[in-house]
Every structure is written in C-alpha cells, then in structure tokens.
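Take a look at the letters that make up each chain.
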Amino acid sequence: MSSSLADGTCVPCKKGAPSLAQEDVESKLQQLNNASRAFAWDASPLSQSPSQIALQRTFKFRNFKTALAFTNSVGAIAEEQKHHPLLVLEWGSVHVAWWTHATGGLHDNDFICAAKTSQIADDAEGIKK
Ligand SMILES: C[C@H](O)[C@H](O)[C@H]1CNC2=NC(N)=NC(=O)C2=N1
C-alpha cells in the first residue's frame, strides 16, 4: 500500500530551519498512521534525550535474523534519503526513531522516512503484526 508520504523524497535540512508546528505534526501523524496497515507511530520524547520529540515505533520480529534484515533495510532508506534514524536492534525487535538533528525537531523528512519504514515493515519477513 503506497501513501503519498512514502512516495516523498527528503530534502537537505539547514541547521536552524524551523520545525513543524504542533498542528502540522498532528495532521501528518494522522496521515502517516492512516497509510500503514498495521503500524502506528507516535510522536514522543526520546528516552535518550527527553527534550527531543521523535516519531517512534517498535517493530516485533520472530527472531534476531529477521530483525537484523529489517534494520538493514531501514538503513538503506536512510542512506538513500540522507536522513538517519536512531535504530535499536535486539533479538526479536527493532525500535526506530526519526527526528531532524539540524532543527532539533520534527520535519517533513521524518514523516517521509517513517512512511517508507512502515511500507517495508508491511512486507518484512518474520515481522509480528
Ligand atoms: C551532512 C548530512 O547529510 C547531514 O548531517 C544529515 C545526515 N542525516 C541526518 N539525519 C537526521 N535525522 N537529521 C539530520 O539533520 C541529518 N542531517
């Protein structure tokens, strides 16, 4: 299932560029979660630095091997889009967090990459829905 967010392309983000306003975050989060068959994201503080809001989701897998493969797929998206997530890989799960370092907030790039992450999760081997 493709969504207009997932078809987007990230843009270079200048340091100090404005972050999305709260009402934009809320409407884009709705769009993001409507597009995904099974995976809802939330916009919440990073446990590693609570002042930073990020789009976050933990994906559960059957084992470590399939979780690692998914991690590498998300990494490939990050390299392609030049926009990078926090990825925490454990046996059976991958936690993904998207935010924009340059602005210290959320940007369209984060929603594009989260949507692309949901798209690969929809068909990932070993994922638990
Ligand atoms: C030079 C390089 O492209 C920039 O530092 C990119 C790298 N990846 C990035 N990823 C994220 N999430 N935010 C950024 O601001 C960012 N900037």
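Structural notes, computed from the coordinates. Because the structure is a prediction, the values reported are computed rather than measured.

Remarks on a nonpolar patch on the surface
A surface patch of nonpolar side chains, amounting to about 320 Å² of accessible area, comprises F64, L68 and W91. Inspection of the secondary structure puts F64 in helix α2 (residues 64-81).

A look at the side chain of K28
Within the element layout of this structure, K28 appears in helix α1 (residues 22-35). Look past the residues within four positions of K28 in its chain and what remains in contact with it is L5, L20, D108 and F111.

Some points on unusual backbone geometry
One non-glycine residue with positive phi stands out, namely K82, at about 55°. Structurally, the position occupied by K82 is in the loop between α2 and β3 (86-90). Of the residues examined, K82 reaches a relative accessible area of 70% and is grouped as exposed.

A few points about the site of the ligand
In the vicinity of the ligand, the contacting residues are K82, H83, H84, W99, T100, H101 and A102. At 3.0 Å, a backbone N or O of A102 approaches an oxygen atom of the ligand. In the complex, the protein chains occlude 59% of the 400 Å² of accessible area that the ligand would expose alone. Taken together, the residues that form the shell around the ligand break down as two nonpolar, four polar and one charged.

Re the packing of aromatic side chains
Under the criterion given, the structure shown has three aromatic pairs. Here W41 and F59 contribute two aromatic rings whose centre-to-centre distance is 5.7 Å and whose plane-to-plane angle is 70°, an arrangement assigned as edge-to-face. Taken together, the residues W41 in the loop between α1 and β1 (42-45) and F59 in strand β2 (residues 53-61) connect sequence positions 18 residues apart. Each of the two residues, W41 as well as F59, counts as buried. Ring centres of F61 and F70 lie 5.1 Å apart, and the angle between their planes is 40°; this geometry places the pair in the tilted category. The pair F61 / F70 is uniform in exposure class, with both members buried. Members of the aromatic cluster, each reached through a chain of ring pairs, are W41, F59, F61 and F70. Over the aromatic face of F59 sits the side chain of R57, whose NZ or CZ is 6.0 Å from the ring centroid.

About the cut-offs
- Residues numbered from 1 in each chain as written.
- Predicted model: local features only at pLDDT ≥ 70, side-chain atom pairs only at ≥ 80, totals over all residues.
- Heavy atoms only, no water.
- Patch = residues over 30% accessible without salt bridge, like charges linked within 9 Å, V, L, I, M, F, W, Y side chains within 5 Å.
- Areas by Shrake-Rupley, 256 points an atom, 1.4 Å probe, with all protein chains shown as cover.
- Salt bridge = Lys/Arg side-chain N within 4 Å of Asp/Glu carboxyl O.
- Helix = DSSP H or I, 4+ residues; strand = E, 2+ residues; numbered from the N terminus.
- Contact = heavy atoms within 4.5 Å.
- Buried < 20%, exposed > 50% of the residue type's maximum accessible area, 1.4 Å probe, protein only.
- Near = heavy atom within 4 Å.
- Polar contact = N/O pair within 3.5 Å; in protein donor to acceptor, adjacent residues only side chain to side chain.
- Nonpolar A, V, L, I, M, F, W, Y, C, P; charged D, E, K, R; others polar.
- Phe/Tyr/Trp six-rings, centres within 6.5 Å; stacked < 30°, edge-to-face > 60°.
- Lys NZ or Arg CZ within 6 Å of the ring centre and 35° of its normal.

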